[in-house]
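Topology and contacts: notes
The lines below spell out each chain.
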Amino acid sequence: MFDVLVESGSHKEDLQRKGTFLLGTVIIYSVLIIGLFVASILWYEARLDAQNLELVTLVAPVPVQQQPEQQPQEQPKPTTTTQQQVATRTELISSTLDPTKVPEKPSTVASKVPPVPPNTPVALGRTNTDPVGPTGPVGPPGAGGVVGGTGSGPVVKVDEPPPPPPTPTPKKVIQSGGVLNGKAISLPQPAYPPMAKAARASGTVNVQVLVDETGKVVSATAVSGHPLLRQAAVQAAYRARFTPTLLSGQPVKVQGIITYNFVLQ
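Residues numbered from 1 in each chain as written. Predicted model: local features only at pLDDT ≥ 70, side-chain atom pairs only at ≥ 80, totals over all residues. Heavy atoms only, no water.

So, the overall build of the protein
Rules: The helix count covers DSSP runs of H or I at least four residues long, the strand count covers runs of E at least two residues long, and both are numbered beginning at the N terminus. Note on exposure labels: buried denotes an accessible area under 20% of the residue type's maximum, exposed denotes more than 50%, and partly exposed covers the range between, all computed with a 1.4 Å probe on protein chains only. Contacts were defined at the residue level, with two residues in contact if any of their heavy atoms lie within 4.5 Å.
A count of helices and strands for the protein gives three helices and nine strands. Taken from the N to the C terminus, the helices and strands of the protein come in the order α-β-β-β-β-α-β-β-α-β-β-β. Expressed as a percentage of its 265 residues, the buried residues of the protein come to 15%. Across the protein, contacts joining residues at least 24 apart in sequence account for 67% of those joining residues at least 6 apart.

Some words on the packing of aromatic side chains
The geometry of an aromatic ring pair is captured by two quantities: the separation of the ring centres and the angle between the planes. What counts is decided by this rule: Any two of the Phe, Tyr and Trp rings considered here, Trp counted by its six-membered ring, make a pair once their centres fall within 6.5 Å; the pair's planes then place it as stacked at under 30 degrees, edge-to-face at over 60, or tilted in between.
Applying the stated criterion across every chain yields a total of one aromatic pair. Each ring, one from Tyr 192 and one from Phe 262, has its centre 5.6 Å from the other, and the planes form 85 degrees; the classification is edge-to-face. With a gap of 70 residues between them, Tyr 192 in the loop between strand 4 (184–186) and helix 2 (194–198) and Phe 262 in strand 9 (residues 250–262) connect regions that are remote in the sequence. Take Phe 262: its relative accessible area is 4%, and that puts it in the buried class.

Comments concerning the pairing of strand 9
Our working rule: In this scheme, strands are said to pair when DSSP sees at least two bridges between them.
As paired elements, strand 5 (residues 203–211) and strand 9 share nine bridges and run antiparallel to each other. Of the residues in strand 9, the one forming a bridge with Gln 208 is Ile 257. By the bridge criterion, three bridges tie strand 8 (residues 245–247) to strand 9 in an arrangement that is antiparallel. Within strand 9, the position partnered with Leu 247 by the bridge is Gln 250. Once strand 8 ends, the chain turns through two residues before running back antiparallel as strand 9, passing Ser 248 with a positive phi of about 60 degrees.

Comments concerning the environment of Pro 117
Tracing the chain through its elements places Pro 117 in the loop between strand 1 (87–89) and strand 2 (122–124). Residues Pro 117 and Asp 130, spaced 13 residues apart in sequence, show a C-alpha to C-alpha distance of 7.9 Å.

A word on the side chain of Asp 212
How we decide: Nitrogen and oxygen atoms within 3.5 Å of one another constitute a polar contact, given that in protein one can donate a hydrogen and the other can accept it, and given that sequence-neighbouring residues count only through two side-chain atoms.
In this fold, Asp 212 is placed in the loop between strand 5 and strand 6 (217–224). Side chain to side chain, Asp 212 and Thr 214 meet in a polar contact 2.9 Å long. A polar side-chain atom of Asp 212 sits 2.7 Å from the main-chain amide nitrogen of Lys 216.

Observations concerning the pattern of salt bridges
Filter applied, for reference: A pair is scored as a salt bridge if a Lys or Arg side-chain nitrogen falls within 4 Å of a carboxyl oxygen belonging to Asp or Glu.
The final tally for this structure, using the stated rule, is two salt bridges. With a shortest N-O distance of 2.7 Å, Asp 14 and Arg 17 are connected by a salt bridge. With Asp 14 and Arg 17 both in helix 1 (residues 12–50) and three residues apart, this pair spans about one turn of that helix. Residue Asp 14 is joined to Lys 18 by a salt bridge in which the shortest nitrogen-to-oxygen separation is 3.7 Å. Here Asp 14 pairs with Lys 18, and both are found in helix 1, just four residues apart, close to one helical turn. Given the relative accessible area of 27%, Asp 14 is considered partly exposed. Given the relative accessible area of 47%, Lys 18 is considered partly exposed. One network of salt bridges, in which partners are shared, links Asp 14, Arg 17 and Lys 18.

Put into structure tokens, the structure is as follows:
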């Protein structure tokens, strides 16, 4: 029954050999995969370098407009007019500007026939006419100009009437009147301020006023006195009225002092 005995030994060496083989296979495959990955990256970068990344913009050509041919401008033709180039005189009288011609019969009466123009052909006729020529340049002031020109005579200056003297404005004289209490028509007394009574403030307040030509106070300023009493004195000064002050028969402004005496009762 137990003729054949099978002795089973340890499998440790076999498992170790298989494990070594499996580990080597995994390492080889890993190296191959990594190598392929690196090679694919290098190959892709090489293709990027070979590509042409320059952007090319296609622009339609701008149509060139043909300029019209310029036609030569016709130069204006000079206009020619038939002008009279010969002067006519009923009597040939030499010009007084010519020193070589001496008059045959001196006379104190001027001739009605104008003298012959210099350097101009003259013919006897029934009228006294001069040749018509182009307009010449303007002669200097006081001269008659050249033949065919326009001269300007002496400039006549018209005396304009002098402007009327300015009306002097009356000066408003301000006269100093000193203390004006005695010159007042109406001099209301100021009310005693309650705050001044509570503080037992009293004394004299001087108010400088400016009285206009009608006797009305137009400006008032307290110049001395207790601060609690000044405002009441100024208000009373504006209600004061004075007789107009005359200087050489003209009313003038007067500047002076109004005195108010505050007595505490």
